Amino acid sequence: MRVASGVIAIWTCAIVVPSVVFADPPVRDGWSVGFGLGVGWTAWTWPDGEHRTEGSASGNLHFAWAVRNDCLVGLEMWGWSKSYSIEYVPENVPAETIVWAAMPAVTYFPGDTGFFVGGGVGVGQGRAKVTPDPSVDFPASGDTHDTGVALLAEAGYEYQLTPHQALGIALHGVYVALDQAPFDDVTSYDATVQFNWYW
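Below, the structure is looked at part by part. (Residues numbered from 1 in each chain as written. Predicted model: local features only at pLDDT ≥ 70, side-chain atom pairs only at ≥ 80, totals over all residues. Heavy atoms only, no water.)

## Examining the overall build of the protein chain
Broken down by element type, the protein chain carries one helix and eight strands. Mapped from its N terminus to its C terminus, the protein chain presents α and β elements in the order α-β-β-β-β-β-β-β-β. In the protein chain, which comprises 199 residues, the proportion classed as buried is 42%. Sequence-distant contacts in the protein chain: of pairs separated by 6 or more residues, those separated by 24 or more amount to 62%. Counting only carbon and sulfur atoms, one obtains 64% of the accessible surface of the protein chain, whose full area is about 10,100 Å². (Helix = DSSP H or I, 4+ residues; strand = E, 2+ residues; numbered from the N terminus. Buried < 20%, exposed > 50% of the residue type's maximum accessible area, 1.4 Å probe, protein only. Contact = heavy atoms within 4.5 Å. Areas by Shrake-Rupley, 256 points an atom, 1.4 Å probe, with all protein chains shown as cover.)

Below you can see the structure in the form of structure tokens.
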């Protein structure tokens with residue numbers, strides 16, 4: 001909850017800051033590198049048939065080339081992970097889940113402003129580690145993973161802080177086509193604060 005509250009507070013501050021503070025027109029030229037940190041929610045179906053949605057920290061990293069001032073083409077990487085306990089009788093079962101995706105992606109700034117949309121298609125993986133006590137008859141155990149096609153869509157806004165640095169906010173939606181237990185078509189949504197550099 002502290003992570004979520006922190007992200008919401010940063011989003012609120014970023015939205016209400018008068019745009020005149022960052023009145024300079026955006027400059028995107030040459031290479032760009034950036035990363036984002038925030039909170040996300042991921043959903044998948046376990047072998048017991050229960051559809052689980054878990055919230056935890058998420059992040060992304062990108063390397064891109066500005067083919068125009070309003071268009072970046074590059075590589076986007078995204079990830080989410082969480083350690084938690086699955087409620088079970090006679091005792092809860094420790095589990096850890098990691099979902100990641102990597103893909104070529106395009107980011108477009110309509111009207112050459114700070115608002116942007118983007119997306120990409122690539123590869124993603126879900127990895128789950130379940131470690132029940134030997135005395136617990138849980139339907140899944142061990143470390144399993146599956147790899148499949150990943151889709152990413154994003155939208156957000158960035159403020160130009162300096163000619164080479166920008167601060168932004170972004171929403172991501174990620175889908176990874178998986179069909180091996182304990183995963184079944186993973187979907188994830190997150191909100192992040194973005195730090196971008198251009199040179």
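## Things to note about the packing of aromatic side chains
This model, assessed by the stated rule, comprises six aromatic pairs. Put simply, the rings of F35, F195 and W197 pair up and form one aromatic cluster. (Phe/Tyr/Trp six-rings, centres within 6.5 Å; stacked < 30°, edge-to-face > 60°.)

## Focus on the pattern of salt bridges
Here the idea is simple: oppositely charged side chains can pair when their charged atoms come close. Per the counting criterion, the structure on display carries four salt bridges. Residue D112 is joined to R28 by a salt bridge in which the shortest nitrogen-to-oxygen separation is 3.3 Å. Of this pair, D112 sits in the loop between strand 4 (93-108) and strand 5 (115-130) while R28 sits in the loop between helix 1 (2-16) and strand 1 (30-45); the two residues are 84 residues apart in sequence, bridging distant segments of the chain. Here E54 and K82 are joined by a salt bridge, their closest N and O atoms 2.9 Å apart. One end of the pair, E54, is in strand 2 (residues 51-68); the other, K82, is in strand 3 (residues 71-86), with 28 residues separating them in the sequence. Three or more residues are tied together by salt bridges with common partners; here these are R28, D112 and E158. (Salt bridge = Lys/Arg side-chain N within 4 Å of Asp/Glu carboxyl O.)

## Some thoughts on the environment of N69
Note on placement: N69 falls in the loop between strand 2 and strand 3. A relative accessible area of 24% places N69 in the partly exposed class. It is 6.2 Å that separates the C-alpha atoms of N69 and D29, two residues lying 40 residues apart in sequence. For N69, the side chain forms a polar contact with the main-chain nitrogen of R28, separated by 2.7 Å. (Polar contact = N/O pair within 3.5 Å; in protein donor to acceptor, adjacent residues only side chain to side chain.)

## Re a nonpolar patch on the surface
Together, W31, F35, L37, L61, F63, W65, V67, V73, L75, V106, W197 and W199 make up an exposed nonpolar region whose accessible area comes to about 1,100 Å². Contributions of two or more residues to the nonpolar patch are made by strand 1, strand 2 and strand 3. Among the structural elements, L37 can be located in strand 1. For L37, a relative accessible area of 52% puts it in the exposed group. (Patch = residues over 30% accessible without salt bridge, like charges linked within 9 Å, V, L, I, M, F, W, Y side chains within 5 Å.)

## What about the pairing of strand 1?
In the sheet, strand 1 pairs with strand 2 via 16 bridges, with the strands oriented antiparallel. The residue of strand 2 that forms the bridge with G38 is S58. Bridge count between strand 1 and strand 8 (residues 186-198): 12 bridges; the pairing is antiparallel. Residue pairing across strands places V39 opposite A191, the latter belonging to strand 8. (Pairing = 2+ DSSP bridges.)

## Some points on unusual backbone geometry
At D112, a residue that is not glycine, the phi angle is positive and equals roughly 55°. D112 gets classed as partly exposed once you look at its relative accessible area, which sits at 32%.

## So, the nonpolar core
In terms of nonpolar packing, the biggest core is built from 21 residues, with W78, V176 and V186 touching the most fellow members. Those elements that provide at least two residues to this core are strand 3, strand 4, strand 5, strand 6 (142-162) and strand 7 (165-176). Among the elements that take part in this core, strand 4 stands out by supplying five residues, more than any other. Residues in contact with V186, not counting those within four places in the same chain, are T42, A43, W44, V99, V174, Y175, V176 and L178. (Core = buried A, V, L, I, M, F, W, Y, C linked by side-chain atoms within 4.5 Å.)

## Observations concerning the side chain of H172
You can see H172 is positioned in strand 7. Among the polar contacts listed, one links the side chain of H172 to the side chain of D190, at a separation of 3.0 Å.

## Some thoughts on the side chain of N196
Residue position: N196 is located in strand 8. Among the residues examined, N196 registers a relative accessible area of 6% and is labelled buried. At 3.1 Å, the side chain of N196 forms a polar contact with the side chain of E158. Ignoring any residue separated from it by four or fewer positions in sequence, one finds N196 in contact with V33, G34, F35, H62, E158, H164, Q165 and A166.

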